[in-house]
Amino acid sequence: MTERSVEPMSSRRSLRLTIVTPLQVVLNVGEVRHVRAEDATGSFGILPGHVDFLTVLSVSVLIYRLESENTDQVADGVATGREHFVGLRGGVMLVTEGQHVQVFTREATPSDNLRILSTEVKSRLSLAAAQEAEAHKSFSRMEGSLLSHMTDYLRHEQRSGGGGSPRLPGEP
């Protein structure tokens with residue numbers, strides 16, 4: 001039997017963060033000091049050594065900080081270093097072995113500037129809402145047209161004394 005070296009949870013100093021959409025790997029970065037995300041219960045944080053974890057994420061902004069960006073320096077009780085942001089359209093987060101955070105989402109928008117991210121996401125959501133409204137309008141028109149044609153067909157059947165149930169072309 002081979003002996004496996006087990007590293008204590010407290011000695012794991014960084015995470016690997018991977019964010020994947022159906023079309024691409026948006027982010028795959030190591031040396032992450034912490035990750036903050038949001039699910040239906042609220043905001044939560046993931047640090048190296050976290051227990052295995054699975055949750056459904058809300059539409060939100062994921063925040064992470066890299067190990068190499070002075071995260072060990074503390075000013076007024078707050079870790080310094082640059083935060084990075086990723087706008088998420090919901091998704092699923094999986095934490096494994098206290099070392100790997102994986103996020104699977106429909107859409108992810110990375111940015112180092114929260115103000116720019118907010119503007120970009122708002123414009124994208126506005127465009128998506130407009131496209132959805134146009135699609136709904138088109139569907140309503142098709143539905144109205146279908147009902148009109150069905151009504152005309154049934155009236156024609158009644159006038160011509162078709163009797164019985166209407167038959168489809170090719171039916172005996």
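Bear in mind the structure is a predicted one, so any value in this text is a computation, not a measurement.

Of the regular secondary structure elements, the chain holds one helix and nine strands. If you list the helices and strands of the chain from N to C, you get β-β-β-β-β-β-β-β-β-α. The burial tally for the chain puts 27% of its 172 residues in the buried class. Contacts spanning at least 24 positions in sequence make up 55% of the contacts within the chain whose residues lie at least 6 apart. As displayed, the chain has an accessible area near 12,100 Å², and 56% of this comes from carbon and sulfur atoms.

With that settled, consider unusual backbone geometry. Positive phi values are uncommon outside glycine, yet glutamate 31 reaches one of about 60 degrees. Mapped onto the fold, glutamate 31 is located in strand β2 (residues 25-39). Among the residues examined, glutamate 31 registers a relative accessible area of 46% and is labelled partly exposed. Here glutamate 97, not a glycine, exhibits a phi torsion of approximately 55 degrees, which is positive.

Let's shift gears to the confidence of the model for the chain. Overall, the predicted model of the chain reaches an average pLDDT of 83, with 79% of residues at or above 70. Low pLDDT, under 50, characterises residues 1-11; the stretch is placed with three contacts to residues that sit more than four places away or in other chains. Confidence drops under a pLDDT of 50 for residues 74-78, and excluding neighbours within four residues, the segment shows three contacts in the predicted structure.

We now examine the environment of leucine 27. For leucine 27, the location among the structural elements is in strand β2. On the basis of relative accessibility, which here comes to 13%, the residue leucine 27 falls in the buried class. The spacing of leucine 27 and threonine 109 is 82 residues in sequence and 9.8 Å in space, taken between C-alpha atoms. For leucine 27, the contacting residues outside a window of four places in its chain are Leu17, Thr18, Ile19, Tyr64 and Val86.

This next bit is on helix α1 (residues 114-159). Under the 1.5 Å per step criterion, the end-to-end length of α1 is 67 Å for 46 residues, consistent within 8% with the ideal 68 Å. Residue asparagine 113 occupies the N-cap position of α1, its side-chain oxygen lying 2.9 Å from the main-chain nitrogen of arginine 115. Of the residues trailing α1, glycine 161 is marked for its positive phi of about 70 degrees.

It is worth spelling out the pattern of salt bridges at this point. By the definition in use, this model includes seven salt bridges. Residues joined by salt bridges that share partners form a network here, namely Arg13, Arg33 and Glu67.

Rules used in this analysis
- Residues numbered from 1 in each chain as written.
- Predicted model: local features only at pLDDT ≥ 70, side-chain atom pairs only at ≥ 80, totals over all residues.
- Heavy atoms only, no water.
- Helix = DSSP H or I, 4+ residues; strand = E, 2+ residues; numbered from the N terminus.
- Buried < 20%, exposed > 50% of the residue type's maximum accessible area, 1.4 Å probe, protein only.
- Contact = heavy atoms within 4.5 Å.
- Areas by Shrake-Rupley, 256 points an atom, 1.4 Å probe, with all protein chains shown as cover.
- pLDDT = per-residue confidence, 0-100.
- Expected span 1.5 Å × (residues − 1).
- Polar contact = N/O pair within 3.5 Å; in protein donor to acceptor, adjacent residues only side chain to side chain.
- Salt bridge = Lys/Arg side-chain N within 4 Å of Asp/Glu carboxyl O.

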